[in-house]
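The chain contents come next:
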Amino acid sequence: MGGVPGAGDAAGGTTGRAAPTAPKGPDAAPADAAPADAALADAVSAHARASADTSVAGAGGFAAGSGRPSGRRDRHGLELSGLGSGEAGEAAATWYESAVDSLLFFRGDVAESVAELRRVAPDAPLGQAFAAYLGLLGTEESQAAAARQEFARFRAAADDGACTAREQAHLTAAAAWLDGDIARAGAVLREIAVAWPRDALALAVGHQIDFFTGNAAALRDRIAGALTAWDEEDPHYGPLLGMLGFGLEESGHYARAEETARAAVERQPGDVWGIHAVVHTLEMQGRFAEGLRFLDARRREWGDDNMMAVHNWWHYALYALEAGDTHRVLEIYDAALDPAVTSGLALELLDASSLLWRFHLGGDDDRAAVGDRWAPLADAWAARRDGPHYAFNDTHAVMACLGAGRVREAEALLADREEWATHPHPGVTNHTMTAEIGLPVCRALVAFTQERYEDAVDLLFPLRGRFATFGGSHAQRDAVQRTLLEAALRAGRLDLARTLLSERLALRPTSPYNWLGQARLADAVGRSALAATARERAAALAAPGRRSAQDDGPAAAAESAAPGAEAR
């Protein structure tokens, strides 16, 4: 996903922006409206409060209490506290609604809305929890540290008894994540979704946690479990469908995933996460030519001015790469992914590394085509001076170092993480991610670059079914899966290469990359006729994608991807 502005952007102070107009018509519920299924909601809420000491609230040290309600509810009928009264309270409620809406649609003004909410209602617990979430969603170590300080100041002065049970649970989730326990934060947010299934903030943040931890079942079921509590006419029902579509795709339910994600985009064409979910379903089915057409038809909606723009351009580049249009891929890289034109957030640098690494795995021509693009990317990673915060990011920082020929820098990063991992870090999810997956993968990347292909295979093969546990999507982790395949081919581990290619072809028989791998395997075992047939198959499959990629011309894509009015 694209980077999310951090808590530093949402910290106090005024931006001079006027309060947004309160939503009208079907977009809003009256401030004092009760949920449509009020009896059920009241029963669940009462149960949640009664059990808070032993479940959600008790987990973070927040005493259960009835709180001092503001008399306000959000657009989904959920009670809010700490907003204040009069015009200030109205403004605070409107800023909260604006922030949730922007988060769901990946608009760049989400941090500004949260900052305004905290300015006009500094005691509102959801404003503080929201700011903490923003400091964490970008996987930015510095933003997380700033959010941790802000949150600690709030907790030191807060009246815990003024929170509702739901708000206490949010504070508990935020505190757990700020302490490094991503898994616990996700579990608490799941409890919120069970008791208050129309809590859009809990669902959206929990969904991203499931993505960061590679938990495909939770990515699907968190949203699926809440969906029947929602009115299908609610304007936020569409984004839920987009989230569910992505979870279904990551769980392997491709037909249902595509149907669900397309329904989300049909409801709201500007739902860039829904667009992203459709793109993933087409990627996993090898329908890259169709994917290019889908993205081309909606470029105005996703191509700029949202926090998913860089990542969706990465997906576009993957489609073009599958079609063999390397010139187009590199044009897109230069216009949309190069650190010179992005904000330099970790999640954006990650996409850049992942794309160039696919060239690094290729032959001499592929590596030569990259030219001098690796060095600025490695510089951008080095300038961040990140510590051990998220293993998935570390892997891509190592890719950049290796691509730039800076093996010593890669080994230095690896040594730093190895030293950190030798010490216990109870409750820190990234410790397990780093020790069990991140470090072996990084060692394998170094081994591959040093042409120690047997070592790369030995490091990666035992883990290939567990790569998801250090985060990312199937499409993102395919860079590592391809590294294993390439290492097996180059090491002469032909039985293993045959197995890996057979698996890939069974899943994506329309992938030119897979057929080209089959051709290389056939060459290695002396079956030249089979190799020629596989190459012909690859060329025939690539042709429609090359035509689709060139429909508007490379210059058009590069121009529309140029930086400018964006919230990346």
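Residues numbered from 1 in each chain as written. Predicted model: local features only at pLDDT ≥ 70, side-chain atom pairs only at ≥ 80, totals over all residues. Heavy atoms only, no water.

### Considerations on the overall build of the chain
Secondary structure assignment for the chain yields 30 helices and 2 strands. The buried share among the 568 residues of the chain stands at 57%. The contacts of the chain with a sequence gap of at least 6 include a subset with a gap of at least 24, amounting to 70%. In the structure as shown, the chain presents an accessible area of about 20800 Å², 52% of it carried by carbon and sulfur atoms. (Helix = DSSP H or I, 4+ residues; strand = E, 2+ residues; numbered from the N terminus. Buried < 20%, exposed > 50% of the residue type's maximum accessible area, 1.4 Å probe, protein only. Contact = heavy atoms within 4.5 Å. Areas by Shrake-Rupley, 256 points an atom, 1.4 Å probe, with all protein chains shown as cover.)

### A short note on the packing of aromatic side chains
Throughout the structure, instances matching the rule amount to 14 aromatic pairs. Measuring from ring centre to ring centre gives 5.9 Å for F212 and Y390, while their planes differ by 75 degrees; the resulting arrangement is edge-to-face. With F212 in helix α10 (residues 200-212) and Y390 in the loop between α21 (374-384) and α22 (391-403), this pair connects stretches of sequence that are 178 residues apart. Both residues of the pair, F212 and Y390, count as buried. An aromatic cluster is built from F106, W177, F211, F212, F246, W273, Y390, F392 and F470, whose rings are joined through pairwise contacts. Seen from the ring of Y513, R482 lies directly overhead, with NZ or CZ sitting 3.7 Å from the centre. (Phe/Tyr/Trp six-rings, centres within 6.5 Å; stacked < 30°, edge-to-face > 60°. Lys NZ or Arg CZ within 6 Å of the ring centre and 35° of its normal.)

### Thoughts on the packing of helix α9 (residues 182-195) against α10
Interaxial distance between α9 and α10 falls to 9 Å at its minimum, and their mutual angle equals 145 degrees. Regarding α9 and α10, the two cross each other, and that crossing is left-handed. Within the contact between the two elements, α9 uses I182, A185, G186, L189, I192 and A193 and α10 uses A202, L203, V205, G206 and I209. (Axes fitted to C-alpha atoms, helices over the stretch in contact; angles between N-to-C directions. Left-handed = near helix turned anticlockwise from the far one by under 90°.)

### Here we look at the confidence of the model for the chain
When the pLDDT values of the chain are averaged, the result is 87; 84% of them are 70 or greater. Here residues 11-67 is modelled with pLDDT under 50, and outside its nearest four sequence neighbours on either side it reaches 90 contacts, counting other chains as well. Contacts from residues 560-568, a stretch scored under 50 in pLDDT, to residues over four places away or in other chains number 33 contacts. (pLDDT = per-residue confidence, 0-100.)

### Side note on helix α27 (residues 494-507)
For α27, which comprises 14 residues, the first-to-last C-alpha distance of 20 Å matches the rise-based estimate of 20 Å (1.5 Å per residue) to within 8%. Buried residues of α27: L496, A497, L500, L501, R504 and L505, and no others. Each buried residue of α27 sits inside an arc of 165 degrees when the element is viewed along its axis, so together they form one side. Exposed residues pointing more than 90 degrees away from the buried face of α27 are listed as D495 and A506. Elements in contact with the buried residues of α27: α25 (453-460), α26 (474-491) and α28 (512-524). (Expected span 1.5 Å × (residues − 1). Arc of directions from axis to C-beta.)

### Overview of unusual backbone geometry
Unusually for a residue other than glycine, F106 sits at a positive phi of about 55 degrees. Mapped onto the elements, F106 comes out in the loop between α4 (86-104) and α5 (110-120). You can call F106 buried: its relative accessible area is 6%. Phi at T139 is positive, roughly 55 degrees, even though this residue is not glycine.

### Examining the environment of D304
With respect to the element layout, D304 can be found in the loop between α16 (299-302) and α17 (309-322). Classification of D304 as partly exposed rests on a relative accessible area of 22%. The spatial distance from the C-alpha of D304 to the C-alpha of A336 is 9.5 Å, given a sequence separation of 32 residues.

### A few points about the packing of α4 against α5
When two helices pack together, you describe them by how their axes are tilted relative to each other and by the distance separating the axes. The geometry of α4 relative to α5 is characterised by a closest axis approach of 8 Å and an angle of 160 degrees between their N-to-C directions. As far as their axial angle goes, α5 and α4 are roughly antiparallel. Relative to α5, α4 is oriented so that their crossing is left-handed. Taken together, the residues of α5 that come into contact with α4 (itself represented by A88, A92, W95, Y96, S98, A99, S102 and L103) are V110, S113, V114, E116, L117 and V120. (Parallel < 35°, antiparallel > 145°, perpendicular 65-115°, else oblique.)

### Here's the deal with the nonpolar core
Counting 166 residues, the largest nonpolar core has L103, F130, Y133, W177, L337, W357 and L377 as its most contacted members. Ranked by the residues each element gives to this core, the list is headed by helix α24 (residues 429-449), at 10 residues. By size, the runner-up hydrophobic cluster in this structure holds 8 residues, among which are W515, A519, A522 and A531. (Core = buried A, V, L, I, M, F, W, Y, C linked by side-chain atoms within 4.5 Å.)

### So, the side chain of E249
Positionally, E249 belongs in helix α12 (residues 237-250). Of the side chains bearing the opposite charge, R477 lies closest to the buried E249, which forms no salt bridge; the N-O distance is 7.7 Å. Not counting chain neighbours up to four residues away, the residues in contact with E249 comprise Y254, A257, H280, T281, M284 and H474. (Lys, Arg positive; Asp, Glu negative; His and termini not counted. Salt bridge = Lys/Arg side-chain N within 4 Å of Asp/Glu carboxyl O.)

### Let's talk about the pattern of salt bridges
For the coordinates displayed, the defined rule picks out 37 salt bridges. Across the pair E150 and R118 runs a salt bridge whose closest N-O atoms are separated by 3.1 Å. One end of the pair, E150, is in helix α7 (residues 141-157); the other, R118, is in helix α5, and 32 residues separate them in sequence. Of the residues examined, R118 reaches a relative accessible area of 8% and is grouped as buried. R384 is the partner of E140 in a salt bridge, and the nearest nitrogen-oxygen pair spans 2.9 Å. In this pair, E140 is assigned in the loop between α6 (125-137) and α7 and R384 in helix α21, connecting sequence segments 244 residues apart. For R384, a relative accessible area of 18% gives the class buried. If you follow the salt bridges from partner to partner, you end up with E258, R262, R287 and E290 in one network.

### Looking at the side chain of E140
Exposure remark for E140: the relative accessible area of 5% places this residue in the buried category. A polar side-chain atom of E140 sits 2.5 Å from the main-chain amide nitrogen of A346. Apart from residues lying up to four places away in sequence, E140 is in contact with G135, L345, A346, L347, R384 and H389. (Polar contact = N/O pair within 3.5 Å; in protein donor to acceptor, adjacent residues only side chain to side chain.)

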